[in-house]
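Now for the letters of each chain:
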Amino acid sequence: MKRLKKERVIAGNAPKFAGRTAARLFGQLKNQRGRLIAVAVCIVIYTVLNIFTPYYSAIVVDALLGAINDAISGNAPFSIVWEPLGREMTILCAMYAALGIVYYLQSFLMASVAERLILTLRRQIGVKLHKLPLKFFDRNKPGEILSRVTSDLDKVSETLQTGLLKLLTSIGTVIGSLVFMFVLNYILALIFLAFSAISLIITRIVAKKNLICAAERQEAIARLTGIAEEYYTGRDVIKAYNRESESCARVSAGAENVRAAAQKTDFLTNSINPLIRFLSRLAQTVILFLPCGWMIAGSMTPGVAQAFFQYINLAAEPLTEMSYMINSLQAALASAERTFEFLDDEEEQPDTDNPVTLERAEGRIAFEHVSFGYFPDKILMKDISFTAQPGQKIAVVGSTGAGKTTLINLLMRFYEVNGGRITIDGIPSTSLTRNGLRHNFGMVLQDTWLFGGTIAENIAYGKPDATREEIVAAAKMAKVDYFIRTMPQGYDTVLSNDAGNLSVGQRQLITIARVFLCDPPVLILDEATSSVDTRTEAEIGKAMARLMSGRTSFVIAHRLSTIRDADNILFMENGNIIEQGDHRTLLAKGGAYATLYNSQFA
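Procedures and definitions
- Residues numbered from 1 in each chain as written.
- Predicted model: local features only at pLDDT ≥ 70, side-chain atom pairs only at ≥ 80, totals over all residues.
- Heavy atoms only, no water.
- Salt bridge = Lys/Arg side-chain N within 4 Å of Asp/Glu carboxyl O.
- Helix = DSSP H or I, 4+ residues; strand = E, 2+ residues; numbered from the N terminus.
- Buried < 20%, exposed > 50% of the residue type's maximum accessible area, 1.4 Å probe, protein only.
- Pairing = 2+ DSSP bridges.
- Axes fitted to C-alpha atoms, helices over the stretch in contact; angles between N-to-C directions.
- Core = buried A, V, L, I, M, F, W, Y, C linked by side-chain atoms within 4.5 Å.
- Contact = heavy atoms within 4.5 Å.
- Arc of directions from axis to C-beta.
- pLDDT = per-residue confidence, 0-100.
- Phe/Tyr/Trp six-rings, centres within 6.5 Å; stacked < 30°, edge-to-face > 60°.

Counted under the stated rule, the structure contains 19 salt bridges. Put simply, R413 and D351 hold a salt bridge, and the shortest N to O gap is 3.7 Å. With R413 in the loop between α12 (404–411) and β4 (419–424) and D351 in the loop between α11 (302–343) and β1 (365–372), this residue pair connects regions lying 62 residues apart in the sequence. The buried category is assigned to R413, whose relative accessible area is 2%. Of the charged contacts in the structure, one is a salt bridge between E416 and R434, with a shortest N-O distance of 2.7 Å. Here E416, found in the loop between α12 and β4, pairs with R434, found in helix α13 (residues 434–438); they are 18 residues apart in sequence, far enough to count as distant. Residue classification places R434 among the buried residues on the basis of a relative accessible area of 7%. In this structure, a network of salt bridges that share partners links the residues E348, D351, R413, E416 and R434.

Next comes the structure, spelled out in structure tokens:
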């Protein structure tokens, strides 16, 4: 069982289609070809210089030792003149300086490429979020979506800037170093390869274990993030039911899981390098004996010996880190793959190519044999038909889960119907763009939502160009002007933290003012006054009556006393309309509506 879990974790941290994902990721870089060419040139120059400088240093060291030996033997005084020693040392210093300059240039350019790529992907995600249907958000948690647009893309950026750059330079450096090592002395090169093979085997074993631990750490972090987001959102409920201790315990347990997973991962990451370096030093010690004898015998110069040791250092470190670089690239490709899966998710049905323009609807709404289900094989609504004439008030009632909000969602085209059609002024809703359709509707939902910004900006959310006079007038109609003026900066008071310092009723009044300001031809009120007191509800009711005059209105209500004046009442049960008519007709019928009404006023 444990083995199966490890295999599942590895699969979850590795891309399913690495080649396809890599090709698509680099396809996003087509607008950065100039920078990529510059990075490639820098990598080539850096690799060539990095490989050639040790070889050239052998010439410089041997020339310097020759000058020193001549001075010791008394043949000539020791001095460094331009021809030839000064020139050679200057060239070597210039090569090292060029190495540093090219290294910083390629790092700067690669950081620019990576961050611009992430900016491009985040912009695509921002556009995608507005094209996704509501069913996508129904089946995905907010924390998971946030993870894809933050940590996943950060991982891609980090790997492009460090792992990919190191991998490319390392491959060239290792290959070049091995070539020069065989040119200098093939026996020492073979001994180095033997020790490197042992190091790579150990690295591969540890890297595989490290990949498992890293994936477990990411899962632990994701779980902790989800818990924190859930508890932050439900903080009022937690306090109301005295569940602080249990909540803290669960957060602490999640944090402890992250600590344990991170500790194991960090230990494996940090412990492998000392071990590999020990093997590298051991290899150098073994290799050191042979050059000593050869230098004494005169078959190898000190310059060649020190150049060989430089190549050992050049090749050893990239060889030990290469497995980690590959694992890092795999993790980054897995993150990119999750991002592309998000970008490829099914979007809303596109708007028609030749939409009908409806500047201001008269308000004739008709459902014609509409059927709908959240899943194609499970139809919730079957053959829904009714008509709302301009200026009528349509009430939608029924028990919780009867389908009242679903009906409104279909009207707003948040979901697409499975059969039948919905028309506005005789025009099928699918013949309008979504923007054109929703421009004719104003909604007040039971769940209020205010954005970061001033109170005035929140009221004007649906009409950003509204004047302050229009905003104040809308607030007065919603009976919220007096309350706003008691705030520290009045209409310029900045709301933050989901307007946590306002009561639910106050937040709802502000959203009602938002609809007053938009002045739409069709209104949708989903328990719009459920969170206000009776007196305020009565005042708002009067204002609503004025607002609904001459406009088609859809009202979802649980308190049937508020919809007795409705022109048509739709009683829903299990997703279907089982009764419809005005209040008197339904009471006289003595059916489901009458039973519910009488139960409220028994």
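Quick look at the sheet that holds strand β3 (residues 393–398) now. The strand order across the open sheet formed by six strands is β6-β9-β10-β3-β11-β12, and the pairing between neighbours is mixed. At either end of the open sheet lies a strand with only one pairing partner, and these are β6 (441–444) and β12 (576–581). Averaged over all adjacent pairs, the angle separating strand axes in this sheet is 20°, with direction ignored. Bridge count between strand β11 (residues 568–573) and β12: five bridges; the pairing is antiparallel.

Generally speaking, soluble globular proteins have nonpolar side chains that are buried together. Of all hydrophobic cores here, the largest spans 43 residues; its most connected members are I459, V480, I563 and Y593. When residues in this core are grouped by element, the largest group, seven residues, is from helix α17 (residues 504–518). Counting residues in hydrophobic clusters, the runner-up holds 37 residues, among them Y56, M95, L160 and F340.

Moving on, we come to the environment of E229. Relative to the assigned elements, E229 resides in helix α8 (residues 186–233). Spatially, the C-alpha atoms of E229 and K589 are 49 Å apart, while their sequence positions differ by 360 residues.

Moving on to unusual backbone geometry. Most peptide bonds take the trans form, and the phi angle of most residues other than glycine is negative. Residue R413 is not a glycine yet carries a positive backbone phi of 60°. Positioned with a positive phi, D519 is a non-glycine residue whose angle comes to about 55°. With respect to the helices and strands, D519 occurs in the loop between α17 and β9 (522–526). Residue classification places D519 among the partly exposed positions, given a relative accessible area of 30%.

Pairing within the open sheet is antiparallel, and its four strands lie in the order β2-β1-β4-β5. Looking at which strands have only one partner, the edges of the open sheet turn out to be β2 (381–388) and β5 (427–428). Against the sheet, α12 contacts β1, β2 and β4, and its axis sits at roughly 115° relative to β1.

What follows concerns helix α15 (residues 468–477). What α15 keeps buried is the set I471, V472, A474 and A475. Axial view of α15: buried residues confined to an arc of 160°, hence all on one face. Packed against the buried residues of α15 are α14 (455–459), α16 (481–485) and α17. Backbone geometry just after α15 places K479 at a positive phi near 60°.

The next thing to look at is the pairing of β11. Among the six residues that make up β11, five are buried, leaving the element largely enclosed by the rest of the structure. The sheet contact formed by β3 and β11 spans five bridges and is parallel. Within the sheet, the bridge partner assigned to V397 lies in β11 and is F571. Between β11 and β12, which follow one another and run antiparallel, lie two residues, and N574 among them has a positive phi close to 55°.

Attention now goes to the environment of M95. Along the polypeptide, M95 turns up in helix α4 (residues 82–129). Exposure remark for M95: the relative accessible area of 10% places this residue in the buried category. C-alpha separation for the pair M95 and T53, spaced 42 residues apart in sequence, amounts to 6.9 Å. If we ignore the near neighbours within four places in the chain, the residues touching M95 are L49, F52, T53 and Y56.

Turning next to the confidence of the model for the chain. Where the model shows low pLDDT, its predicted coordinates should not be examined in detail. In the predicted model, the chain carries a mean pLDDT of 81, and the fraction of residues at 70 or more is 91%. The model gives residues 1–12 a pLDDT under 50, and that stretch makes 10 contacts with residues more than four places away or in other chains.

With that out of the way, let us pick up the packing of aromatic side chains. Enumeration over the complete set of coordinates arrives at 11 aromatic pairs. With a centroid separation of 5.7 Å and 75° between ring planes, the pair formed by Y103 and Y104 is classed as edge-to-face. With relative accessibility at 38%, the residue Y103 sits in the partly exposed group. Aromatic pair F367 and F386: ring centres 4.7 Å apart, planes at 15°, arrangement stacked. Here F367, found in strand β1, pairs with F386, found in strand β2; they are 19 residues apart in sequence, far enough to count as distant. Classification of F367 as buried rests on a relative accessible area of 3%. Since its relative accessible area comes to 4%, F386 is described here as buried.

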